[in-house]
Amino acid sequence: MCGIVGYLGTRDAFPILIQGLKRLEYRGYDSAGIALYNGHLEIHKCKGKVADLEARMGSNVPQATLGIGHTRWATHGPPNDPNAHPHASNRGRLVMVHNGIIENFTALKELLIKAGYTFHSDTDTEVLVNLIEYVQDKQEVSLDQAVRLALNEVVGAYAIAVLSSDEPGVMVVARLGSPLVLGLGNNEYFVGSDATPFLDSTKKVIYLEDGEMAVLSRQGVSVRQIASDLPVNAVIHQLKMDLESIEKGGYEHFMLKEIFEQPKSIRDTIRGRLNSKSGVVKMAGLESIHDALMEAQRILIIGCGTSWHAGLVGEYLIEDLARIPVEVEYASEFRYRNPVIGPKDVVIAISQSGETADTLAAIKMAKQAGATVFGICNVVGSSIAREAHAGAYTHAGPEIGVASTKAFTAQVTVMTLLAMYIGQSNGHLSAERCVEIAQELERIPGKIESMLHLDAEIKTLSAQLVESSNALFLGRGYNFPVALEGALKLKEISYIHAEGYPAAEMKHGPIALIDEQMPIVIVAPRGDMYEKLVSNVQEVKARKGRVISVIGHGEMEVRALSDAVIEIPDTLDCLSPLLTTVPLQLLSYHVAVLRGCNVDQPRNLAKSVTVE
Ligand code: AGP
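The sections below set out a description of the structure shown in this document. (Residues numbered from 1 in each chain as written. Predicted model: local features only at pLDDT ≥ 70, side-chain atom pairs only at ≥ 80, totals over all residues. Heavy atoms only, no water.)

## Focus on the pairing of strand β6 (residues 94-102)
Here β6 lies mainly inside the structure; 9 of its 9 residues are buried. The side-chain alternation of β6 yields two buried faces, one formed by Leu94, Met96, His98, Gly100 and Ile102 and the other by Val95, Val97, Asn99 and Ile101. When strand β5 (residues 87-88) meets β6, the two strands line up antiparallel, connected through 2 bridges. If you follow Ala88 over to β6, its bridge partner there is Val95. Connecting β5 to the antiparallel partner β6 that follows it, the hairpin turn spans 5 residues, and Gly92 within it adopts a positive phi of roughly 75°. (Buried < 20%, exposed > 50% of the residue type's maximum accessible area, 1.4 Å probe, protein only. Helix = DSSP H or I, 4+ residues; strand = E, 2+ residues; numbered from the N terminus. Pairing = 2+ DSSP bridges.)

Here is the structure:
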């Protein structure tokens, strides 16, 4: 996600744009920039936060009443000055900011290069602003028509704001798949990815809908359809939300917002990487280490915390779908235990922040031993992403809540695609099974959306855990790592001691812990391990344990044995962690809220552990 702002009015644009960008930094913060019109278009941009941009500009601030700004969450190209927005067209006549992913930017870039265009960044955004210039020159049309015609050639998601030095009193904006809000002031107009940038100036807003564009001028705002150019009778809303609640999208905490963003973050992580008809996975990072993957005697997965749990799901996936031996290692242990590792090994490092010190040190050691390192990070251009030989980003967007939620399911999504890719390549995964998994994976975001309606029910259920001092989470097979992750979530945000365990392992000791006081959360979706889990639940009930179970629709045996159930949609075993994790995230969230804990910033924790 990135943050976009725009201003057209009578006041000095610079302070309005900078203030607006600071309010949008929760959407992305690896680089920032603004473009101002003061007789000509002037761009100031740099890697770093908005404050860095402001400091770099110092007193060298042009007077202007028209401008746009951007705070970036990198998706194409690492955070650096050239990749920062705004981007200018080749002739400098147009400047643009963009939030989203243009899927067909490579083809468009080739067309423009053939037409003589040159590029100075790795971004899809620079391709789009040059496409608009190209169309305007070819068709000899106004800026708004050039934007509209160009967008009709684009595949992907976007929210854009464009200025032209030929039309200095105009700003053209458009959206498809990424949010854009217009603020209507007194003889001044605002644009934002949400309303936070201008909430203190006006509460009159228009929410652009997908497929709509708007032309802002000193005469007013006109909203039109991108496809047809037909006018839209836009609804003007009077905002009631305050600043902080808008940053959280109306949710009480970032963690809850990020739990609810998972359908989108999984769709974004899959986007452009999976052909659901053929089941074929296409990921440049994997193709670049194809030979190493084919020759690998084993695959090592390294991570910490929740990322380690995603790695454990990855072990089940790779061994199931690609039949390559996998070992999952805590980075902090791996780096010091003098492991046996060499050139035949492929090491997968998983890290949301891409800055975890133990994980970074572990992969440096693996590289020195000759292993091939593949990084799975959520922060573009992060240290681990740059240290790895190859990688794939989870397109989950900034994860602000310290407790990882959407990053985890995005990591598991990438691990699924990776396992499918290897299985397809080495022949262990049949074409039929590929298609079956691919088509079900495409259905997962919708199934999560349906589960999110359980939030109120889970909130009620969470009261059963509020007074607990301990809890057990049990799962088998693909859902053993989910039990570990569920326990970690409860521990880290509610401070209740919780343990995740393989369900069958209970009889080897931990079952002694069970009494009427001990809540046991059992992850028992329909699937290969279901029958075994029924007997595990019976063992727990025989000791009077209180069972909360996560089950598939219509499962009667476990339901009959449970004190409370959370019913989720059915899916394939190998994809079940993407579903079973979500109710556990919500359960821990509501327990923590009821216990009055600081959900987004739990005590003693940091979002990125960059020290040993
Ligand atoms: C997860 O909720 C925790 N915040 C923590 O375990 C985290 O997963 C761990 O520190 C690893 O962080 P990383 O993914 O950024 O490397």
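## Things to note about helix α11 (residues 305-321)
Along an α-helix, a turn takes 3.6 residues, which lines up residues three or four apart on a common side. A rise of 1.5 Å per residue sets the reference length of α11, with its 17 residues, at 24 Å; its end C-alpha atoms lie 24 Å apart and thus fit the reference within 8%. Where α11 is concerned, the buried positions are Thr306, Ser307, Trp308, His309, Ala310, Gly311, Leu312, Val313, Gly314, Leu317, Ile318 and Leu321. Arg323 occupies a position one or two residues after α11 and carries a positive phi of about 55°. (Expected span 1.5 Å × (residues − 1).)

## Remarks on the site of the ligand
In the region of the ligand, 14 residues are neighbours, and Ser307, Ser351, Ser353, Thr356 and Glu492 sit closest. Gln352 is positioned with one of its backbone polar atoms (N or O) 2.7 Å from an oxygen atom of the ligand. In the environment of the ligand, an oxygen atom lies 3.0 Å from a nitrogen or oxygen atom belonging to the side chain of Lys489. Contact with the protein chains removes 91% of the 410 Å² of surface that the ligand exposes when unbound. When contributions to the shell around the ligand are tallied by element, the ones reaching two or more residues are α11 and α18 (480-494). Taken together, the residues of the shell around the ligand break down into 4 nonpolar, 8 polar and 2 charged. (Near = heavy atom within 4 Å. Polar contact = N/O pair within 3.5 Å; in protein donor to acceptor, adjacent residues only side chain to side chain. Areas by Shrake-Rupley, 256 points an atom, 1.4 Å probe, with all protein chains shown as cover. Nonpolar A, V, L, I, M, F, W, Y, C, P; charged D, E, K, R; others polar.)

## Description of the sheet that holds β5
Ordered in space as β5-β6-β7-β8-β12-β13, the 6 strands form an open sheet in which the pairing is antiparallel. Lying at the two open borders of the sheet, with one neighbouring strand each, are β5 and β13 (220-225). Two elements, strand β7 (residues 156-164) and strand β8 (residues 170-176), share 5 bridges in a ladder whose sense is antiparallel. Following the sheet pairing, Ala159 is matched in β8 by Arg175.

## A look at the layout of surface pockets
Here the largest pocket is characterised by a volume of approximately 970 Å³. Secondary-structure elements contributing two or more residues to the lining of the largest pocket are β6, β7, β8, α7 (254-260) and α8 (262-270). Looking at the lining of the largest pocket, the element that brings in the most residues is α8, giving 4 residues. Partitioning the lining of the largest pocket into residue classes produces 20 nonpolar, 14 polar and 13 charged. Each pocket or cavity is described by its volume, and for the second largest pocket that value is around 660 Å³. Forming the walls of the second largest pocket are 25 residues, and the residues nearest its centre are Thr75, His76, Arg273, Ala284 and His395. (1 Å grid on protein atoms, 1.4 Å probe; cavity = no way out; pocket = protein on both sides within 12 Å on 5 of 7 lines; lining within 4 Å. Points joined across faces, edges and corners; volume = space filled by probe spheres on them.)

## A few points about the nonpolar core
Residues Ile299, Ile301, Ile318, Ile348, Phe374, Met415 and Phe473 are the most contacted members of the largest nonpolar core, which totals 88 residues. Counting residues in hydrophobic clusters, the runner-up holds 29 residues, among them Phe119, Val127, Leu131 and Ile132. (Core = buried A, V, L, I, M, F, W, Y, C linked by side-chain atoms within 4.5 Å.)

## A few points about the sheet that holds strand β18 (residues 326-330)
Reading across the sheet, the 5 strands line up as β18-β17-β19-β20-β21 and stay open at both edges, with parallel pairing between neighbours. Edge strands, defined here as strands with exactly one partner in the open sheet, are β18 and β21 (390-393). Strand-to-strand twist of the sheet, defined as the mean angle between neighbouring strand axes without regard to direction, takes the value 20°. Two elements, strand β19 (residues 345-351) and strand β20 (residues 372-377), share 6 bridges in a ladder whose sense is parallel. In the sheet register, Ser351 faces β20, and the bridge partner there is Cys377. Packing against the sheet, α11 makes contact with β17 (298-303), β18 and β19, and its axis sits at approximately 175° to β18. Sheet strands touched by helix α13 (residues 357-368): β17, β19 and β20. Its angle to β19, the strand with the most contacts, is close to 165°. (Axes fitted to C-alpha atoms, helices over the stretch in contact; angles between N-to-C directions. Contact = heavy atoms within 4.5 Å.)

## Some words on the side chain of Ser588
Topologically, Ser588 is positioned in helix α21 (residues 576-594). For Ser588, a relative accessible area of 0% gives the class buried. Within polar-contact distance, the side chain of Ser588 engages the backbone nitrogen of Leu490 at 3.2 Å. Not counting residues within four places of it along the chain, the set of residues in contact with Ser588 comprises Gly486, Lys489, Leu490 and Ile493.

## So, the pattern of salt bridges
This structure, assessed with the given rule, holds 32 salt bridges. Here Asp81 and Arg56 are joined by a salt bridge, their closest N and O atoms 3.1 Å apart. Of this pair, Asp81 sits in the loop between β4 (66-72) and β5 while Arg56 sits in helix α2 (residues 50-57), and the two are 25 residues apart along the sequence. Assessed through its relative accessible area of 53%, Arg56 is described here as exposed. Here Glu327 makes a salt bridge to Arg298, at a shortest N to O gap of 3.2 Å. Separated by 29 residues along the polypeptide, Glu327 in strand β18 and Arg298 in strand β17 bring together distant segments of the chain. (Salt bridge = Lys/Arg side-chain N within 4 Å of Asp/Glu carboxyl O.)

## Describing the packing of α11 against helix α15 (residues 406-426)
It is the contact of α11 with α15, at a shortest axis distance of 9 Å, that shows an interaxial angle of 25°. Regarding the angle of α11 to α15, the classification is roughly parallel. Considering the relative orientation of α11 and α15, their crossing is right-handed. Counting all contacts with α11, which are made through Thr306, Ser307, His309, Ala310, Val313, Gly314, Leu317, Ile318 and Leu321, the residues of α15 involved are Phe408, Gln411, Val412, Met415, Thr416, Leu418, Ala419, Met420 and Gly423. Taken together, the residues that form the contact of α11 with α15 break down as 11 nonpolar, 7 polar and no charged. (Parallel < 35°, antiparallel > 145°, perpendicular 65-115°, else oblique. Left-handed = near helix turned anticlockwise from the far one by under 90°.)

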